[in-house]
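Secondary and tertiary structure notes
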Amino acid sequence: MNADLNHDRLRRILQQGDPAAGDPGLTAEEVHTLRRTVLTAIPEPRPRRAWLPALAAGTAVLIVLALAAALGPWRRPAAPRAEVQVAADPAPAAPSVPPAVSAAPAITIPPPAPGVPVKSSRPALRRPVRALRTLPVRPNDAPVLTASLPVREIQFSTPGGTRVIWELSAKDIR
Amino acid sequence: MDRHRTQTATDRLARLFDAHHERLFRLARRLSSDREEARDLVQEAFLRAARQPAAVPEGAQPEEAWLVRTLVNLCRDRFRRLGVRSRAAEEIRRDEREAASGHPEEAAVARATVQAALARLSPRRRAVVVLHELEGVAVREVARLLGVTEVTVRWHLLAARRDLASLLLKEERR
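Values in this document were obtained by computation on a predicted structure and should not be read as measured data.

Check the secondary structure of chain B and you find 8 helices and 0 strands. Each helix (α) and strand (β) of chain B, taken in turn from the N terminus, gives the series α-α-α-α-α-α-α-α. The buried share of chain B, reckoned over its 174 residues, is 48%. Working note: accessible area of chain B is about 8800 Å², and carbon and sulfur atoms make up 51% of it.

Following this line, the structure appears as structure tokens:
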């Protein structure tokens, strides 16, 4: 069907029916109106505010300073450091067992007999020593208890082999 | 400084308008259904240039291509808004009204027929046909103006010729 309308003939038909062929184009008045409409549509440039970047930078600096003053390390009160004694490896020859809460006599471990083999105290073989559980101190009893509490010792060793000994005295109970 | 910039933008836009409004209106007239629509399209294209002066490239050829592309995009927006079927139906009704109105001029009938056939093409394809077949612009130049490859232009031309031949033959056989 389309073979009947080859390219040349199609072009001729299109040119005969050119929509702009009979149009005289824009009149002078139309051009003038159009031109005025277009040229008045240019947006006004915004006034440049040279002080705006300086203001932004100043505000940022103030915020940073305020944050630093509020959260900086020098504002923190120095936390009381607990006295910790770290036992150096090797462990002391006679490990002391912490006394019980009550006024039980301290247990002393007798020194090993001459023929008995002594266990190795290498870090890999050591197990952490459990801390003894203490009874909760009631507020009313606290002054009395704390006054009579002996100094207690908690020992344990870290997986790396460091032995840690904590000494707890009455002044640590609050 | 700002006043100087505004003046420069106005001068540039005025030069742009003076250099391209005739050619743009002719193209718009071929791409649209009536004169008023063509004038609106031209105005809208220049208004876009006024609102975004930085978007318009420097140089006669690039700015012409930018305007043509903007015009075709505006046609495409309208085409999508109206819908191809309602638009084509309107063109055919107009064609039939002219044919039935007594003794229509042969040129007017041919124009209406071609316009109705062109209206059925997509805006980009219509622009390719109009630029190449009616304005005699070379394929390479059409590709540059529309910002597509030459292969795309040739493909659009091939498809448009096939569609137009089919439509015009159908009209002839009525």
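Residues and elements named next belong to chain A. Most of strand β2 (residues 152–157) is tucked away, with 5 of its 6 residues classed as buried. When β2 meets strand β3 (residues 163–168), the two strands line up antiparallel, connected through 6 bridges. Counted as the bridge partner of glutamate 153 is glutamate 167 from β3. Taking the residues that link successive antiparallel strands as the turn, the β2-β3 hairpin has 5 residues, and the phi of glycine 161 there is positive, at about 105 degrees.

Relative to the 33 Å expected for 23 residues at 1.5 Å per residue, helix α3 (residues 60–82) of chain B spans 33 Å between its end C-alpha atoms, a close match to the ideal helical length. Those residues of α3(B) that fall on the buried side of the exposure criterion are B:Glu63, B:Glu64, B:Ala65, B:Trp66, B:Leu67, B:Val68, B:Thr70, B:Leu71, B:Val72, B:Leu74, B:Cys75 and B:Phe79.

Moving on: the interface of chain B and chain A. When the parts of a complex come together, some accessible area is lost, and that lost area is often used as the size of the interface. Contacts between the two partners involve 41 residues from chain B, matched on the other side by 35 residues from chain A. Regarding the contact of chain B and chain A, the summed buried area is about 3600 Å², with carbon and sulfur atoms giving 67% of it. Linking chain B with chain A are 5 salt bridges, by the criterion used here. As a salt-bridge pair, B:Arg35 and A:Glu30 come within 3.0 Å of each other at their nearest N and O atoms. Between chain B and chain A we count 9 residue pairs in polar contact (both at pLDDT 80 or more) in total. Counting residues per element, the ones that place at least two in the side of chain B that touches chain A are α1 (2–31), α2 (35–51), α5 (106–119), α6 (123–134) and α8 (150–172) of chain B. Top contributing element to the side of chain B that touches chain A by residue count: α1(B), with 14 residues. Per-class residue counts for the side of chain B that touches chain A are 19 nonpolar, 7 polar and 15 charged.

Moving on, we come to the packing of aromatic side chains. With the rule as written, the count across this model stands at 2 aromatic pairs over all chains. In this structure, B:Arg125 packs its charged tip against the face of B:Trp155, placed 5.0 Å from the ring centre.

For the rest of this paragraph, the subject is the confidence of the model for chain B. Residues and elements named next belong to chain B. Of all residues in chain B, 81% attain a pLDDT of 70 or more, and the chain-wide mean is 83. When pLDDT is averaged over each element of chain B, helix α7 (residues 139–146) comes out on top at 93 and helix α4 (residues 84–100) at the bottom at 57. ipTM for the predicted complex: 0.74, alongside a pTM of 0.56.

Take the pattern of salt bridges next. Oppositely charged side chains may form a pair once their charged atoms are brought near each other. Counted by the stated rule, this structure contains 19 salt bridges over all chains. Residues B:Glu64 and B:Arg23 are paired through a salt bridge, measuring 2.8 Å at the closest nitrogen-oxygen approach. Of the two residues, B:Glu64 sits in helix α3 while B:Arg23 sits in helix α1, which places them 41 residues apart along the sequence. Accessibility assignment for this pair places B:Glu64 and B:Arg23 in one class, buried. For B:Asp163, the salt bridge identified is with B:Arg162, shortest N-O distance 3.7 Å. A cluster of three or more residues bridged by salt bridges with shared partners is formed by A:Asp18, B:Arg23, B:Arg30, B:Glu64, B:Glu135, B:Glu141 and B:Arg144.

So, on to the packing of α2(B) against α3(B). Residue and element names in this part refer to chain B. Direction vectors running N to C along α2 and α3 enclose 125 degrees, while the axes themselves pass 9 Å from each other. It follows from the interaxial angle that α2 and α3 lie oblique. Between α2 and α3 lies a crossing whose hand is right-handed. Packed against α2, whose contacting residues are Glu37, Asp40, Leu41, Val42, Glu44, Ala45, Phe46, Arg48 and Ala49, the element α3 presents Trp66, Leu67, Thr70, Leu71, Leu74, Cys75, Asp77 and Arg78 at the interface. Counted by class, the contact of α2 with α3 contains 10 nonpolar, 1 polar and 6 charged residues.

The next point concerns the environment of B:His132. Inspection of the secondary structure puts B:His132 in helix α6. A sequence separation of 21 residues divides B:His132 from B:Val153, and the C-alpha atoms of the two residues are 9.3 Å apart. Leave out the neighbours within four places in its chain, and B:His132 touches A:Arg11, B:Val137, B:Ala138, B:Val139, B:Val142, B:Leu157 and B:Arg161.

Residue and element names in this part refer to chain B. Contact pair α6 / α7: the axes reach a minimum separation of 10 Å and the direction vectors enclose 140 degrees. Regarding the angle of α6 to α7, the classification is oblique. With respect to the hand of their crossing, α6 and α7 are arranged in right-handed fashion. Contacts between α6 and α7 involve Arg124, Ala127, Val128, Leu131 and His132 on the former and, on the latter, Val139, Val142, Leu145 and Leu146. Among the residues making up the contact of α6 with α7, the classes are represented as 7 nonpolar, 1 polar and 1 charged.

Further remarks concern the environment of B:Arg69. Considering the arrangement of structural elements, one finds B:Arg69 in helix α3. With near-sequence residues (within four places) excluded, B:Arg69 lies in contact with B:Arg144, B:Leu145, B:Leu146 and B:Gly147.

Reading guide: rules and limits
Residues numbered from 1 in each chain as written. Chains lettered and ligands numbered in written order. Predicted model: local features only at pLDDT ≥ 70, side-chain atom pairs only at ≥ 80, totals over all residues. Heavy atoms only, no water. Helix = DSSP H or I, 4+ residues; strand = E, 2+ residues; numbered from the N terminus. Buried < 20%, exposed > 50% of the residue type's maximum accessible area, 1.4 Å probe, protein only. Areas by Shrake-Rupley, 256 points an atom, 1.4 Å probe, with all protein chains shown as cover. Pairing = 2+ DSSP bridges. Expected span 1.5 Å × (residues − 1). Contact = heavy atoms within 4.5 Å. Buried area = accessible area lost by both parts, 1.4 Å probe. Salt bridge = Lys/Arg side-chain N within 4 Å of Asp/Glu carboxyl O. Polar contact = N/O pair within 3.5 Å; in protein donor to acceptor, adjacent residues only side chain to side chain. Nonpolar A, V, L, I, M, F, W, Y, C, P; charged D, E, K, R; others polar. Phe/Tyr/Trp six-rings, centres within 6.5 Å; stacked < 30°, edge-to-face > 60°. Lys NZ or Arg CZ within 6 Å of the ring centre and 35° of its normal. pLDDT = per-residue confidence, 0-100. Axes fitted to C-alpha atoms, helices over the stretch in contact; angles between N-to-C directions. Parallel < 35°, antiparallel > 145°, perpendicular 65-115°, else oblique. Left-handed = near helix turned anticlockwise from the far one by under 90°.

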